[in-house]
Amino acid sequence: MNLEVMKDYLPLFGEALWLTFWIGWLGILLSFVIGFVTALIRHYHIPVLQRIAGFYIELFRNTPLLVQLFFIYFGLPKLGLSLSAEFCGILGLALLGGAYMAETFRSGLLTVEKTQIESAMSLGMKKGQVLRLVVLPEAISVSIPGFTANVIFLLKETSVFSAISLMDLMFTAKDLIGLYYKTAECLTLLVIFYLIILLPVSFFGSYLERRVRHAGFGD
Amino acid sequence: MPDLGIDVLFKGTNAKRLLEGLWVSVRISLISVAISLTLGVVVGILMTKRQKAIRILTRGYLEIVRFMPQMVLLFIVFFGTTRVFGWNLDAEFAAVVVFSFWGVAEMADLTRGALISIPKHQYESAEALGFSGRQTYFLIIVPQTVRRLIPLSINLITRMIKTTSLVMMIGVVEVLKVGQQIIEANRKSSPNAAFGVYATVFVLYFLVCWPISLFAKHLEKKWAVE
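Everything numeric in this text was worked out from a predicted model, so none of it was measured.

Enquirer: Explain the environment of Leu9(B) residue by residue, including any values.
Expert: Residues and elements named next belong to chain B. Locating Leu-9 in the fold gives a position in the segment before helix 1 (14-47). Residue Leu-9 is classed as buried on the basis of its relative accessible area of 9%. Separated by 169 residues in sequence, Leu-9 and Val-178 place their C-alpha atoms 12 Å apart.

Right, dumping it as structure tokens:
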């Protein structure tokens, strides 16, 4: 292990970290949006849309991200739909994540007791108020451990981006190993940089979990 | 109707090759699943023990697996250990090692979760009824744990099958790689093959994993604990 070499590689890994970071988080942000919408559609049994949502969830939960990316990045251009690698990465991660977030959030929605909704209604709240002030806060706080697990999972999944030639951490490590054959140094840096991305999420997740879970709801 | 490039699948033995590629993925995951399920249960039981050394060791192992992308683990085993220790590894073997390393941790965590979710009164009631320690374990705790565990471990199987798609990155010729080869070979005759072939691979993975997850969901409902 040569520390000098590792120091030389730091800037390259830094750039890759930035790419993994912004593509990853943009994808995750979108996956939350998709997940919330899909889960609400399914929870409130909106006709037709709930079928589509169900199909989407099954399709993306049962296929690997790598295959999804290959299809989007290499397959779709043949039908005239060319997307940049960055956009494909974000889209793929958002679609995959959306399906997972939807399931997590839906099981959160299911834990909201009927008595909570009935009590809110009998206090004179309108439907929108019940959703906004009672159902959503409870469902979200119950879902937080699941969300954290999903975010960590999705950030780990970004490691396949190198397959569609995005210069992420994996790509950089692979490239440098191929060029200079400093395998141990590159892999060590790779591990360190993934920890830099993932550890804060884990800590923040457990902090949030403690923060919003004041007590059982409706017990 | 644009050319979807599906015709390429019916040329020569292309369809058969693609399915053979799929079998390579499924084979790797089946071997890893078998190892993970058996060893994972053992490690999971160990995790519920109180000894400090065991706790720290298993906890550390679990955290490593939780934080390292499987792709990184694959690279470490396939490129890293071969370089540092100077041995030769078959890519498929390296894949099985990595997926088992990952799967055992996942399975252990599931087992631990299922074991500690058994309420304390189950143990106490058994004791009150005069069951011995071993009887309590095998007649009361294990059957309940297994019911909680089976749907979760079936889900783990689909996750493993999906993760095997990564092995193409260390040079195993599985379904995605075969697809790539077919596309390359037919670049001239069917330029749109990329769409048809990758769509097919997409559907193939779905057809393998979907029934398994449906089955897991079914069992979960059937065995739901009130």
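Enquirer: I'd like to hear about the pattern of salt bridges, residue by residue, with values.
Expert: Counted under the stated rule, the structure contains eleven salt bridges over all chains. Salt-bridge contacts for Glu20(B) lead to Lys16(B); the nearest nitrogen and oxygen are separated by 3.4 Å. Remark: Lys16(B) and Glu20(B) occur in helix 1; sequence separation between them is four residues, near one turn of the helix. On the basis of relative accessibility, which here comes to 42%, the residue Glu20(B) falls in the partly exposed class. Residue classification places Lys16(B) among the exposed residues on the basis of a relative accessible area of 52%. Across the salt bridge formed by Glu63(B) and Arg66(B), the nearest N and O atoms sit 3.8 Å from each other. Here Glu63(B) and its partner Arg66(B) are both found in helix 2 (residues 52-67), three residues apart, which amounts to about one turn of the helix. For Glu63(B), a relative accessible area of 21% puts it in the partly exposed group. Through salt bridges that share partners, Arg42(A), Glu103(A) and Arg106(A) make up one connected network.

Enquirer: Could you give me a rundown of unusual backbone geometry, with the residues and numbers involved?
Expert: Residues and elements named next belong to chain A. Located in the positive-phi region is Val-48, a residue other than glycine, with phi close to 60 degrees. Structurally, Val-48 can be placed in the loop between helix 1 (3-43) and helix 2 (49-61). One non-glycine residue, Ser-165, lies in positive phi territory at about 55 degrees. In this fold, Ser-165 is placed in the loop between helix 6 (127-157) and helix 7 (169-180).

Enquirer: I'd like a description of the interface of chain B and chain A, backed by residues and values.
Expert: Across the boundary between the two partners, chain B contributes 38 residues, which contact 38 residues of chain A. Here chain B meets chain A over a buried area of about 3,600 Å², counting both sides, of which 76% is carbon and sulfur. Linking chain B with chain A are one salt bridge. The partner of Glu58(A) in a salt bridge is Lys217(B), with the nearest N and O atoms 3.0 Å apart. If you look at where chain B meets chain A, you find nine residue pairs in polar contact (both at pLDDT 80 or more). The set of elements that each furnish at least two residues to the side of chain B that touches chain A consists of helix 2, helix 3 (70-85), helix 7 (175-185) and helix 8 (193-222) of chain B. Looking at which element gives the most residues to the side of chain B that touches chain A, the answer is helix 8 of chain B, with twelve residues.

Enquirer: Describe the nonpolar core, with residues and values.
Expert: As a rule of thumb, nonpolar side chains are buried together in soluble globular proteins. In terms of nonpolar packing, the biggest core is built from 121 residues, with Phe13(A), Leu169(A), Leu190(A) and Phe99(B) touching the most fellow members. Ranked by residues supplied to this core, first place goes to helix 8 of chain B with twelve residues. With residues up to four places along the chain from it excluded, the contact list for Phe99(B) reads Ile28(B), Ser32(B), Ser36(B), Leu74(B), Met160(B), Thr163(B), Thr164(B) and Val167(B).

Enquirer: Describe the packing of aromatic side chains, and please don't skip the residues or the numbers.
Expert: One pair of aromatic rings is described through two measures. These are the centre distance and the angle between the planes. Tallied over the full model, the rule gives 25 aromatic pairs over all chains. Aromatic side chains Phe70(A) and Tyr198(B) sit 5.2 Å apart centroid to centroid with 85 degrees between the ring planes, which places their arrangement in the edge-to-face category. Pair noted here: Phe70(A) is in helix 3 (residues 65-75) and Tyr198(B) is in helix 8, and the two residues belong to different chains. Grouped by ring-pair contacts, the aromatic residues Tyr56(A), Phe60(A), Phe71(A), Phe195(B) and Phe202(B) constitute a single cluster. Lying over the aromatic face of Phe67(B), Arg66(B) brings its terminal NZ or CZ to 5.4 Å of the ring centre.

Enquirer: Go over the side chain of Ser159(A), please, and point to the residues and values.
Expert: Tracing the sequence through the fold places Ser159(A) in the loop between helix 6 and helix 7. Engagement of the side chain of Ser159(A) in a polar contact is seen with the backbone oxygen of Lys156(A), the distance being 2.8 Å. For Ser159(A), the contacting residues outside a window of four places in its chain are Asp168(A), Met170(A), Tyr194(A), Pro69(B) and Met71(B).

Cut-off values and rules
Residues numbered from 1 in each chain as written. Chains lettered and ligands numbered in written order. Predicted model: local features only at pLDDT ≥ 70, side-chain atom pairs only at ≥ 80, totals over all residues. Heavy atoms only, no water. Helix = DSSP H or I, 4+ residues; strand = E, 2+ residues; numbered from the N terminus. Buried < 20%, exposed > 50% of the residue type's maximum accessible area, 1.4 Å probe, protein only. Salt bridge = Lys/Arg side-chain N within 4 Å of Asp/Glu carboxyl O. Contact = heavy atoms within 4.5 Å. Buried area = accessible area lost by both parts, 1.4 Å probe. Polar contact = N/O pair within 3.5 Å; in protein donor to acceptor, adjacent residues only side chain to side chain. Core = buried A, V, L, I, M, F, W, Y, C linked by side-chain atoms within 4.5 Å. Phe/Tyr/Trp six-rings, centres within 6.5 Å; stacked < 30°, edge-to-face > 60°. Lys NZ or Arg CZ within 6 Å of the ring centre and 35° of its normal.

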